[in-house]
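Structural description and commentary
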Amino acid sequence: DAGITQSPRHKVTETGTPVTLRCHQTENHRYMYWYRQDPGHGLRLIHYSYGVKDTDKGEVSDGYSVSRSKTEDFLLTLESATSSQTSVYFCAISAAGELFFGEGSRLTVL
Amino acid sequence: AQSVSQHNHHVILSEAASLELGCNYSYGGTVNLFWYVQYPGQHLQLLLKYFSGDPLVKGIKGFEAEFIKSKFSFNLRKPSVQWSDTAEYFCAVNAGSGSARQLTFGSGTQLTVLP
């Protein structure tokens, strides 16, 4: 158990509304990641962070922003949700070259 | 850019059958290789990994994988599957820097084991 919790675990929202997903870790890991999982695509990296206030874009960053004001929290924000952002979002931390994942947040955008 | 191919999208086996899931990658340099498993409704968990050394890697729950550099492959195997192995399996590769931000996942293989 890498001490990663995500919230909310499930959310249904409407197109155009803002959404924030939270990832919280308890073990002071430097690197944190947000992925989305979609059928036929595996996992794709949205954004990652390599320290407080240090973030960078991943493969599918359009329409997403992130923030990391504390080591333990990494927030993913959809400023204006679209139906194409319906997905399962996983937060992860890396340690010893491996990724450890949170339980996932299922987001449905109607 | 590196890419990962998992050619089998859905595999259906009976209990006790042998399993081999294919994974091929495109990157000419040093790679780190992973297999993750995702049981229904759960998050991804590491099955096994290869960084260097013996190309035959043993993981948890009786799984193993063989790195064949000349074939750019890292196939997952299990001699005898169980119903509880029903899950989705993801191969992942990152380039020699070892940075997780360069980790590329395959599209996954859904394994269904019939009792």
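As a convention, each chain's residues are numbered from 1 in the sequence order in which they are written. Here the convention is simple: chains get letters from A, ligands get numbers from 1, in the order in which they are written. Reporting of local features is limited, given that this is a predicted model, to residues whose pLDDT is at least 70; pairs of side-chain atoms are given and counted only at 80 or more, and all residues count toward the totals for whole chains, interfaces and linings. To get the side-chain values, take all heavy atoms of the structure and skip hydrogens and water.

1. Details of the layout of surface pockets
Points on a 1 Å grid over protein atoms alone make up a cavity when a 1.4 Å probe fits among them but cannot get out, and a pocket when they form an open set with protein on both sides within 12 Å along at least five of seven lines; lining residues each have an atom within 4 Å of a point. Grid points are joined across faces, edges and corners, and a volume is the space filled by probe spheres set on the points. Put simply, the largest pocket is a space of about 440 Å³. Every residue lining the largest pocket is counted, 28 residues in all, and those nearest its centre are A:Gln37, A:Val88, A:Phe90, A:Arg106 and B:Gln38. Under the scheme used here, helices are H or I runs from DSSP no shorter than 4 residues and strands are E runs no shorter than 2 residues, and both carry numbers assigned from the N terminus. Ranked by the residues each element gives to the lining of the largest pocket, the list is headed by strand β11 (residues 105-109) of chain A, at four residues. Classification used: nonpolar for Ala, Val, Leu, Ile, Met, Phe, Trp, Tyr, Cys and Pro, charged for Asp, Glu, Lys and Arg, polar for all others including Gly. A breakdown of the residues in the lining of the largest pocket according to their chemical character gives eight nonpolar, 15 polar and five charged. The calculated volume of the second largest pocket comes to roughly 300 Å³. A:Leu43, A:Arg44, A:Glu59, B:Leu103 and B:Thr104 are, among the 17 residues lining the second largest pocket, the residues nearest its centre. When contributions to the lining of the second largest pocket are tallied by element, the ones reaching two or more residues are β5 (42-51) of chain A together with β11 (104-105) of chain B. When residues in the lining of the second largest pocket are grouped by element, the largest group, four residues, is from β5(A).

2. A closer look at the nonpolar core
Membership of the largest hydrophobic core comes to 28 residues, with the highest contact counts inside it found for B:Leu33, B:Trp35, B:Leu47, B:Leu48, B:Phe74, B:Leu76 and B:Tyr89. Of all the secondary-structure elements, those providing two or more residues to this core are β2 (10-14), β3 (19-21), β5 (31-38), β6 (44-50), β8 (64-68), β9 (73-78), β10 (87-95) and β12 (109-114) of chain B. Counting 19 residues, the second largest nonpolar core, distinct from the first, contains A:Val19, A:Ile46, A:Phe74 and A:Leu78. By convention a nonpolar core is built from buried Ala, Val, Leu, Ile, Met, Phe, Trp, Tyr and Cys residues, the set being connected through side-chain atoms within 4.5 Å. Exposure classes here rest on a 1.4 Å probe applied to the protein chains alone. A residue is buried below 20% of its type maximum, exposed above 50%, and partly exposed in between.

3. What about the interface of chain B and chain A?
Contacts are residue-level and defined by heavy atoms, with any inter-residue pair within 4.5 Å sufficient. Taken together, the contacts link 17 residues of chain B with 19 residues of chain A. Surface buried jointly by chain B and chain A totals about 1,500 Å² across both partners, of which 57% is contributed by carbon and sulfur atoms. Salt-bridge detection follows one rule: a side-chain nitrogen of Lys or Arg within 4 Å of a carboxyl oxygen of Asp or Glu. Taken together, the links from chain B to chain A amount to one salt bridge. Among the ionic pairs, A:Glu98 bridges to B:Lys49, the shortest N-O distance being 2.3 Å. As used in this structure description, the phrase polar contact means that two N or O atoms lie within 3.5 Å; if the pair is within protein, one of them must be able to donate a hydrogen and the other to accept it, and residues adjacent in sequence are counted only when both atoms belong to side chains. Where chain B packs against chain A, one counts four residue pairs in polar contact (both at pLDDT 80 or more). For any pair of parts, buried area is found by adding up, for both, the accessible area (1.4 Å probe) each one loses once the two are put together.

4. Considerations on the pattern of salt bridges
Under the defined criterion, the tally for this structure stands at nine salt bridges over all chains. Salt bridges sharing common partners tie together B:Lys58, B:Glu64, B:Glu66 and B:Arg77.

5. Thoughts on the state of the cysteines
Pairs of cysteine sulfur atoms within 2.5 Å are what we label disulfides. Under the defined criterion, the tally for this structure stands at two disulfides over all chains. Between the sulfur of A:Cys23 and that of A:Cys91 lies a disulfide, 1.9 Å long from S to S. One disulfide, between A:Cys23 and A:Cys91, carries an S-S torsion of -70° and so falls in the left-handed class. Here A:Cys23 is found in strand β3 (residues 19-25), whereas its partner A:Cys91 is found in strand β9 (residues 87-95), with 68 residues between them in sequence. Just as A:Cys23 is buried, A:Cys91 falls in that class too. Between the sulfur of B:Cys23 and that of B:Cys91 lies a disulfide, 1.9 Å long from S to S. Residues B:Cys23 and B:Cys91 are joined through a disulfide that is left-handed, its torsion about the S-S bond being -65°. Of the two residues, B:Cys23 sits in the loop between β3 and β4 (24-26) while B:Cys91 sits in strand β10, which places them 68 residues apart along the sequence. Considered together, B:Cys23 and B:Cys91 belong to a single accessibility category, that of buried residues.

6. A look at the pairing of strand β8 (residues 73-78) of chain A
All names here are of chain A. Of all six residues making up β8, five are buried, and the element is well covered by its neighbours. Two strands form a pair only when DSSP identifies at least two bridges running between them. Judged from the six bridges that link them, β3 and β8 form a sheet pairing that is antiparallel. Paired with Cys23 across the bridge in β8 is Phe74. Here four bridges tie strand β7 (residues 65-70) to β8, and the two strands are oriented antiparallel to one another. Bridge pairing in β8 places Ser67 opposite Leu75.

7. Some remarks on the side chain of A:Ser87
Residues and elements named next belong to chain A. Looking at where Ser87 falls in the secondary structure, it is placed in strand β9. Engagement of the side chain of Ser87 in a polar contact is seen with the backbone oxygen of Gln37, the distance being 3.0 Å. Ser87 has contacts with Arg36, Gln37, Asp38, Ser105, Arg106 and Leu107, leaving out every residue within four places of it along the chain.

Keep in mind these values describe shape, not function.
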